[in-house]
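# Results of the structural survey
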Amino acid sequence: MASASNLLSEDQFLCSICLDVFTHPVTIPCGHNFCKDCITEHWNINSQCQCPMCKELFAKRPKLRVNTFISEMAAQFRQSVQKKSSSSEQQQAKTGDVLCDFCTETKLKALKSCLVCLTSYCETHLEPHQRIPGLKRHMLIDPVKNLEDRMCKKHDRPLELFCKTDQMCLCQLCTDTGHKGHRIVPLIDEHEGRKAELQKKEAKVQQMIQERRLKIQQIKQSTAASVQVFNDLIKSVERRLVELVVMIEEKQKTAEKQAEGFIKELEEEISELMKKSAELKQLSHNEDHLQLLRNFPSLNSAPSTKDWTEVKVQSSYEMTVKRAVAQLEKTLSEEMKNMCAAVELKRAQQYAVDVMLDPDTAHPNLSLSYDGKQVYCGDVKKNLFDNPRRFSSCAVLGKQSISSGKFYYEVQVKWKTKWDLGVVRQSISRKGDNTMCPENGYWAIWLRNKNEYRALAGPSVRLALRFQPQKVGVFVDYEEGLVSFYDVDAAALIYSFTDCNFTEKLYPYFSPCPSDGGKNSAPLIISRGSHMH
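Residues numbered from 1 in each chain as written. Predicted model: local features only at pLDDT ≥ 70, side-chain atom pairs only at ≥ 80, totals over all residues. Heavy atoms only, no water.

Secondary structure assignment for the protein chain yields 8 helices and 23 strands. Residue pairs at least 24 apart in sequence account for 56% of intrachain contacts in the protein chain once pairs closer than 6 positions are excluded. (Helix = DSSP H or I, 4+ residues; strand = E, 2+ residues; numbered from the N terminus. Contact = heavy atoms within 4.5 Å.)

Written out as structure tokens, the structure is:
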């Protein structure tokens, strides 16, 4: 008996509302069929119960029952269509696929290739290799083209082995002809080894890609920071110039008023002098001896005038402008220096390391927090084993070291009156009093007497800081030979040791210094790496 899909067309199994194969088909009184959900929703939306096909009206909504015959026919049709579609998708060969060598008309996609038969098979033609005992022993692999290339040219046998000595593929017979004593392994083992090696190389390439992407990000950040510094400098220059112009205008107005006053005063003196001159002239031409002698004393006296020799207006004005320009240059230089320091600090913070204190190096008077982030000097000396790594002075090292690359950490020094911070060589002497200087393996700064800061450069350098640092950043560039200290909150450079010659590991160095009866009892606190940005 013919199937439903052969007797009827697809259009006969489609609902006229959803245009898809019937789902729970029902027949209404006029004889037309619809999906149950489709006709129910249609009547719910419209106020009248009307057939969507013939437009017949029903006074009362008909009771719907599933048409079992059409439902079964639609189900068979749906299964037939799905089966054909699935079979076509599985077997139809695409461009580039390996084709079955046994298919005569339409070439189907090969499922396996046989290294013994040197033939590729589709699912149908592969069946004997899965059923016949002799064929079951053949070596089947995923379908490949050019099967002849997988055969030994000399012995016409599958290439199943690999000679590590000669780095070439072999068949079983090759091992007896020219590879005696050579290191030979199964081809699949060599494949797995090479595959693992490639995976390692691929992982390394991926790491290189990530490193370069990070470098791109760093370059972009550096460029953005430089642009920001430039823009900030321009704004600062413009702001300072406006202030300078305003000041010059005010000075100019003051100078003009002063000049007007001088001119008025001079004009008044000129008027008095002209009057005096007229009187003297008149008296000098007077022939009355008695009158000349009587008026001579009053007219001969020096006129009451001001000494204008040292009076200058323009010179005072010029000096004011010169001083203002000099101050502007100094201010801009300081701002430029601060801006550059802020950019350098931001770059340094990219190399932040989560430093922890090493209790095995701590002096017995030092107390360390459980998380290894805080240290302060107590009054009670602990009874600890005196190992060679432990300091006999009030100091402790960090666990982390640097022997290449860059390294950054931050330490809170708030509320302290004394402290030492920096980095030291691994081989420094930890017993007795040592002079802290680069020659002895110390690159450090310290605070004494609440506000006396020094860089221990040997001899030490007094540091004039605008603000007292609350948090100090320490940055090391091993290859560059650089150790820099920053005031983190002010984003300002405190001091840099340059052209350092590092030859061994460097460790972070901390000294909270004695508590001085509680005046210096606050701890040094190391910031966590994730909190630095």
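Glancing now at the nonpolar core. Within the largest apolar cluster, 37 residues are counted, with the highest numbers of intra-cluster contacts made by Trp-419 and Phe-510. Among the nonpolar cores identified, the runner-up in size contains 19 residues, and Phe-13, Cys-15, Val-21 and Phe-58 belong to it. (Core = buried A, V, L, I, M, F, W, Y, C linked by side-chain atoms within 4.5 Å. Buried < 20%, exposed > 50% of the residue type's maximum accessible area, 1.4 Å probe, protein only.)

This part is about the sheet that holds strand E5 (residues 112-114). Sheet architecture is open: 3 strands sit in the order E6-E5-E7, paired in antiparallel fashion. Every interior strand has two partners, whereas the edge strands, strand E6 (119-121) and strand E7 (140-141), have only one. Bridge count between E5 and E6: 3 bridges; the pairing is antiparallel. Following the sheet pairing, Cys-114 is matched in E6 by Thr-119. (Pairing = 2+ DSSP bridges.)

Turning our attention to a nonpolar patch on the surface. Taken together, Val-205, Met-208 and Ile-209 make up a surface patch of nonpolar side chains, about 210 Å² in accessible area. Relative to the helices and strands, Met-208 resides in helix H6 (residues 187-284). Judged by relative accessible area, Met-208 falls into the partly exposed class, the value being 35%. (Patch = residues over 30% accessible without salt bridge, like charges linked within 9 Å, V, L, I, M, F, W, Y side chains within 5 Å. Areas by Shrake-Rupley, 256 points an atom, 1.4 Å probe, with all protein chains shown as cover. Salt bridge = Lys/Arg side-chain N within 4 Å of Asp/Glu carboxyl O.)

Right, let's get into the sheet that holds strand E9 (residues 168-170). Overall, antiparallel pairing links the 3 strands, which are arranged E9-E8-E10 in an open sheet. Strands at the two margins of the open sheet, each flanked by one partner only, are E9 and strand E10 (184-186). Ignoring which end each strand starts from, the neighbouring axes of this sheet average 35° apart. Two elements, strand E8 (residues 161-163) and E10, share 3 bridges in a ladder whose sense is antiparallel. The residue bridging Cys-163 from the neighbouring strand is Ile-184, located in E10. (Axes fitted to C-alpha atoms, helices over the stretch in contact; angles between N-to-C directions.)

With that out of the way, let us pick up the pattern of salt bridges. In total, this model carries 13 salt bridges according to the counting rule given. Arg-389 serves as the salt-bridge partner of Asp-358, at 2.3 Å between the closest nitrogen and oxygen. Of this pair, Asp-358 sits in the loop between helix H8 (314-348) and strand E11 (366-368) while Arg-389 sits in the loop between strand E12 (374-377) and strand E13 (396-397), and the two are 31 residues apart along the sequence. Taking the shortest distance from any N to any O, the salt bridge between Lys-406 and Asp-477 comes out at 3.9 Å. With Lys-406 in strand E14 (residues 406-412) and Asp-477 in strand E19 (residues 471-477), this residue pair connects regions lying 71 residues apart in the sequence. With a relative accessible area of 36%, Lys-406 lands in the partly exposed category. One network of salt bridges, with partners in common, ties together Lys-164, Glu-190 and Arg-194.

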